[in-house]
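The primary structure of each chain is shown beneath.
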Amino acid sequence: MSSYYYLMAQLPGIYQSASGGGTLPFSYDYFMELCSRFLSESDMKKLISVSLEPPKETVRTGSVLLDRWFEWERNLR
């Protein structure tokens, strides 16, 4: 679990770079590779499935948060 804290501690720096109009400190591919080192296999699968555009058909992701987000977003669209 301590590896999750390390990974999440980096997110504010990423957000500050992106929201301030600056460049991101590293690429998407590097971030996903970094996550794969610290996240469990099941959590990595959930991260890969995250999208702002939900699937058209209801698909259970294994995450209540993601399932609710996708349902809300489908209803909005």
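Provided above is the structure to which this section pertains.
Residues numbered from 1 in each chain as written. Predicted model: local features only at pLDDT ≥ 70, side-chain atom pairs only at ≥ 80, totals over all residues. Heavy atoms only, no water.

1. Points about the overall build of the protein chain
Part 1 of the reasoning: The number of helices and strands found in the protein chain is 5 helices and 0 strands.
Part 2 of the reasoning: Along the chain direction, N to C, the helices and strands of the protein chain fall in the order α-α-α-α-α.
Part 3 of the reasoning: Counting all 77 residues of the protein chain, 18% fall into the buried class.
Part 4 of the reasoning: Sequence separation of 24 or more characterises 23% of the internal contacts of the protein chain that already satisfy a separation of 6 or more. (Helix = DSSP H or I, 4+ residues; strand = E, 2+ residues; numbered from the N terminus. Buried < 20%, exposed > 50% of the residue type's maximum accessible area, 1.4 Å probe, protein only. Contact = heavy atoms within 4.5 Å.)

2. What about the nonpolar core?
Part 1 of the reasoning: Judged by nonpolar contacts, L7, F31, M32, L34, C35, L39 and M44 together constitute the single largest core of 7 residues.
Part 2 of the reasoning: No other element matches helix α3 (residues 28–38), which puts 4 residues into this core.
Part 3 of the reasoning: Among residues more than four places away in sequence, those in contact with L39 are Y4, L7, M44 and L47. (Core = buried A, V, L, I, M, F, W, Y, C linked by side-chain atoms within 4.5 Å.)

3. Quick look at the pattern of salt bridges
Part 1 of the reasoning: For the structure shown, the criterion picks out 5 salt bridges.
Part 2 of the reasoning: A salt bridge links D43 to K46, with the nearest nitrogen and oxygen atoms 3.9 Å apart. Of the two residues, D43 and K46 both sit in helix α4 (residues 41–49), 3 residues apart, roughly one turn of that helix.
Part 3 of the reasoning: K46 gets classed as partly exposed once you look at its relative accessible area, which sits at 25%. (Salt bridge = Lys/Arg side-chain N within 4 Å of Asp/Glu carboxyl O.)

4. Brief notes about the side chain of E73
Part 1 of the reasoning: Secondary-structure assignment places E73 in helix α5 (residues 64–76).
Part 2 of the reasoning: Owing to a relative accessible area of 9%, E73 belongs among the buried residues under this scheme.
Part 3 of the reasoning: Leaving out residues up to four positions away in the same chain, E73 has contacts with L52 and P54.

5. Quick look at a nonpolar patch on the surface
Part 1 of the reasoning: On the surface, a nonpolar cluster with roughly 490 Å² of combined accessible area is contributed by L52, W69, W72 and L76.
Part 2 of the reasoning: Its place among the elements puts L76 in helix α5.
Part 3 of the reasoning: Judged by its relative accessible area of 57%, L76 falls in the exposed class. (Patch = residues over 30% accessible without salt bridge, like charges linked within 9 Å, V, L, I, M, F, W, Y side chains within 5 Å. Areas by Shrake-Rupley, 256 points an atom, 1.4 Å probe, with all protein chains shown as cover.)

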